[in-house]
Amino acid sequence: MKKQDFLHALYPGSFDPITCGHIDIVERFSHIFKKVTLLVASSIHKKYWFSLKEREEMAKATLKHLSNVRVDKYEGLTTSYLKKNNISVVLRGIRSVTDFPYERDLAINNKKIFPEMETLFLFSGMEKEMVSSKWIKEIAFHKGSLEGLVPDYVANKINKQIKEGVKS
């Protein structure tokens, strides 16, 4: 890996929806890398409230204040996207120690597929460590407050989904 490979990094995830915790991680990584791509991706293991396009639009709307961050969407292996776009650094946020085993396994398996890549981890800020898309959906579904968990734009999208009869 060459030094210039660290100029551009990829932050992949499902972002269903994007949370204040995700935004915190992106903002902090954007100070380290010249360019960060947030990749809105899909997994066969997840059931989504929002389409890939809707998740991409929410991410773009909430990250427009970061001039060196771009948002893209992709269906397929993250390693394929990395190779196609000549990126060798993957960024991952870790909320708590319970996230680490999954993230470690993901990094190891991705490295087996694409040996030239590196995965960098950043711990969430303490005020964001318990923010997860799963909990946000639960809170919203039961009409709890989303203040401080997601941007207002995203909260409005979530509430609209619920009113239209979204999945529980």
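Residues numbered from 1 in each chain as written. Predicted model: local features only at pLDDT ≥ 70, side-chain atom pairs only at ≥ 80, totals over all residues. Heavy atoms only, no water.

*Asks:* With reference to specific residues and values, describe the overall build of the protein.
*Replies:* Helix and strand counts for the protein stand at six helices and five strands. Listed N to C, the secondary structure of the protein is β-α-β-α-β-α-β-α-β-α-α in terms of helices and strands. For 168 residues, the compact-globule formula gives about 15 Å, and the C-alpha radius of gyration of the protein, at 16 Å, lands near that figure. Considering only C-alpha atoms, the protein reaches an extent of 50 × 30 × 30 Å along its principal axes. The burial tally for the protein puts 49% of its 168 residues in the buried class. Once local pairs closer than 6 in sequence are excluded, the contacts in the protein between residues at least 24 apart make up 75%. A distance of 4 Å separates the average location of the 28 positive side-chain charges in the protein from that of its 20 negative side-chain charges. (Helix = DSSP H or I, 4+ residues; strand = E, 2+ residues; numbered from the N terminus. Rg over C-alpha atoms; globule rule 2.2 N^0.38 Å. Buried < 20%, exposed > 50% of the residue type's maximum accessible area, 1.4 Å probe, protein only. Contact = heavy atoms within 4.5 Å. Lys, Arg positive; Asp, Glu negative; His and termini not counted. Charge placed at Lys NZ, Arg CZ, Asp CG, Glu CD.)

*Asks:* Which residues make up helix α1 (residues 20–30), and what values do they have?
*Replies:* Counting buried residues along α1, nine of its 11 residues qualify, which places the element largely inside the surrounding structure. Every buried residue of α1 is listed here: Cys20, Gly21, His22, Ile23, Asp24, Ile25, Val26, Phe29 and Ser30. For α1, the N-terminal cap is Thr19; the gap from its side-chain oxygen to the backbone nitrogen of Gly21 is 3.1 Å. (Polar contact = N/O pair within 3.5 Å; in protein donor to acceptor, adjacent residues only side chain to side chain.)

*Asks:* A description of unusual backbone geometry should follow, citing residues and the corresponding values.
*Replies:* The amide bond that connects Asp16 to the next residue, Pro17, takes the cis arrangement and shows omega of 5 degrees. Within the secondary structure layout, Pro17 lies in the loop between β1 (8–13) and α1. Positive phi is not limited to glycine here, since Phe15 has a value of about 50 degrees. The phi torsion at Asn86 lies on the positive side, around 55 degrees, for a residue other than glycine. Structurally, Asn86 can be placed in the loop between α3 (78–84) and β4 (89–94). By relative accessible area, which is 70% here, Asn86 ends up exposed.

*Asks:* Talk me through the side chain of Gln161; I want residue IDs and the actual numbers.
*Replies:* Along the chain, Gln161 turns up in helix α6 (residues 152–163). The buried category is assigned to Gln161, whose relative accessible area is 13%. A distance of 2.4 Å separates a polar side-chain atom of Gln161 from the backbone oxygen of Trp49.

Geometric values such as these leave the question of function open.
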